[in-house]
Every structure is written in structure tokens, then in C-alpha cells.
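If you want the building blocks of each chain, they are given just below.
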Amino acid sequence: MKQEPALETENYSPLEARVPRSLGGLRLDQALARLFPQYSRNRLQVWLKAGHILVDGAAGTGKQAVTGGERIVVCPPQAPAGASPRAQRMPLSIVHEDRDLIVIDKPAGLVVHPGAGVPDRTLLNALLAHAPELAVVPRAGIVHRLDKDTSGLLVVAKHVSAQANLVKQLAERSVRRVYLALVHGDPPASGTIDAPVGRDARVRTRMAVSQRGKQARTGYRVLERYGRAALVECRLETGRTHQIRVHFQHIHHPLLGDPVYRRGARQAPTFARQALHAYELSLAHPRSGRAVSWRAPLPPDMQRLIDELRAGR
């Protein structure tokens, strides 16, 4: 079973929900996944088996069916001492902040979540210092990730109800995420890469196009051509790990500078990281429901590379 971040077992306040009639007939564990999408299914199942989830005042079981109308109370367990990530003051480029959301322009090189080999100095640690109230929100409000060496926009929820709303929007694919990438070669003018992405069977730290993978779709259009490379706008229709990087390798136009997915790369200027930037983020605000959108300009390193390509260097 995949190990989850320690933060997800923090000392959160109990959460309550009433099962809607539309979920009647589902198993309790299935209904929980719909009612509390801010938590992973694995985590909810662990809590269910440990008796931390009550149905009308009694401990629930995964296989019991719900009919609709039941009162669900989730009481997350106490975290072990020292298990929670610590707040660390670090500079943050905040594009927008209100009582529900924080939108960050993440620099390349910053890891989003603590993990193996990176116990701290991550975006999560910086968020806990910037907004201490995030300590009681699963994953400190982070609802999606960017790779360490991908720059650009990332949204954070400041409370649990905003997080659940954003997770639902992501699941329904109503969040618009637009990336700018520099790729090798001269790709077709536009298209949709529709190829399932899953764990690489040969190298488990990589992803690959695989029939055993999950559905993945990336729309794209070429914005500029430089002969040896092209600037491409990418629109994520799904959000698989390394999706854009894997998809462009799959069509033989890998990203410039990508240290992992470079098969098929031809001679082009060197770059210190994958040339990928999360440029635009659009969603429905979780409080008002109004459409909101943000853009982050290209970081200096990608802009310099584009200038070099335009100059033929």
C-alpha cells in the first residue's frame, strides 16, 4: 500500500456530513470517498477499520450499505508525537490570497510535499509558516502538485470545505490548467494526445504510456517554431503524474532539459530542467461559484531560452 504523508493523520477537528439520497445503495466506503474527497480512499478505509468513522452514532463497517439520510462523523486519530511537518519560513510568490484560497507561483526547484529524501524545506512547510491555520487542513490545503522542476501556478485551499470543493472540481475536470512547454523538434500544429499513463514496468520511478495505465489526455497547439525546437501551449484534460512530459516523449518531441523523458530528443540547446511552466489556472471560486483565473509570466530561465532560440543560438 502506498505510504501517505504524515500530515494526513494530524489532529483535525471532526467532520460531519449527511448522506444524500442519491448515494443510497452504495457501500459505506464508496459513499465516504464521495463525501470526503479531501482524504484518500486508503486513509478513509484505515480510519473506518479503526472505528474513527461513525454512522448515526455507531462505528461503521466498509461493506455496510447506506440508504441516504445517515449522519456521518469522521474523527481523525491523534498523530504520533513529532509526526507533523514543521512550519518553515521561506519566500513565497503569492499571486492571489483570500479567506478561501492561496494561489502560488511556484519556482522551479521547490518540492511541493515532504517525502523520501526531502523531509522539509518544501512548499508545504512554507505554507504552514505563512498560514498556520493550514495545520488542520489535510495536506496543508494542497489539492494538486507540480513536479519539483516545473514552475508556475498551484492553488491551495485554506479550509476543509474549500479543499473538498476544489478536489471535486478537479475530479470533474472543470479546472482549466494551461502549461507552456519547449519541446524538441517540429511537432504538428495542434492535436490531442490521448494515451493512458501508468507506472513504467521496467523503471518504477518513471511513468510511461501503458495500456495498464489510467486515461490521460493532453491538448496542445504550437505557438512558435525555432527549427530545432518549438514553444507549445498544453491543456490538461486529466492530471496524471508527469503527464505532459510522458505524452510529448510518446510523440517523439520530449521537453527540452527533461532529465528523465528524453528518448527521441535531437540536438537542441541545453537547459537545466524540464522546460515546463504552469501558465494559467482557471476554476470556480469555492465560495462564490464565480469563474476566476490567474496567469503567471514565464520565469527568467525559460524566457532566456526562448530569446536564444529566436536568435538562432
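Preceding this section is the structure that the text describes.
Residues numbered from 1 in each chain as written. Predicted model: local features only at pLDDT ≥ 70, side-chain atom pairs only at ≥ 80, totals over all residues. Heavy atoms only, no water.

Enquirer: Help me out: how do you make sense of the packing of helix α1 (residues 28-35) against helix α2 (residues 41-49) in this one?
Expert: What describes two packed helices is the angle between their axes and the distance between those same axes. Where α1 meets α2, the axes come as close as 10 Å, and the angle between the chain directions of the two elements is 130°. When the axes of α1 and α2 are compared, the pair comes out oblique. Regarding α1 and α2, the two cross each other, and that crossing is right-handed. Across from Leu-28, Asp-29, Leu-32 and Ala-33 in α1, the residues of α2 making contact are Arg-41, Leu-44, Gln-45 and Leu-48. The class makeup of the residues in the contact of α1 with α2 is five nonpolar, one polar and two charged. (Axes fitted to C-alpha atoms, helices over the stretch in contact; angles between N-to-C directions. Helix = DSSP H or I, 4+ residues; strand = E, 2+ residues; numbered from the N terminus. Parallel < 35°, antiparallel > 145°, perpendicular 65-115°, else oblique. Left-handed = near helix turned anticlockwise from the far one by under 90°. Contact = heavy atoms within 4.5 Å. Nonpolar A, V, L, I, M, F, W, Y, C, P; charged D, E, K, R; others polar.)

Enquirer: Sorry if this is basic, but what is going on with unusual backbone geometry here?
Expert: Where the residue is not glycine, phi is negative for most of them; where a peptide bond is considered, it is trans in most cases. Phi at Asp-56 is positive, roughly 50°, even though this residue is not glycine. Here Asp-56 is to be found in the loop between β2 (53-55) and β3 (58-59). Judged by its relative accessible area of 51%, Asp-56 is exposed. Phi at Arg-121 takes a positive value of approximately 60°, unusual for a residue other than glycine. One can find Arg-121 in the loop between β6 (101-106) and α3 (123-130). (Buried < 20%, exposed > 50% of the residue type's maximum accessible area, 1.4 Å probe, protein only.)

Enquirer: Before we go on, may I ask you to explain the nonpolar core in this structure?
Expert: Soluble globular proteins tend to bury their nonpolar side chains together. Ranked by size, the top nonpolar core spans 53 residues in total, and within it Phe-36, Ile-72, Leu-134 and Phe-248 carry the most contacts. In terms of residues, this core owes the most to one element, α3, which gives five residues. Among residues more than four places away in sequence, those in contact with Ile-72 are Leu-15, Glu-16, Ala-17, Val-19, Leu-28, Leu-32, Leu-35, Phe-36, Ile-53, Leu-54 and Val-55. Leu-101, Leu-166, Leu-281 and Trp-294 belong to the second largest nonpolar core, which has 15 residues in total. (Core = buried A, V, L, I, M, F, W, Y, C linked by side-chain atoms within 4.5 Å.)

Purely geometric numbers; function is a separate question.
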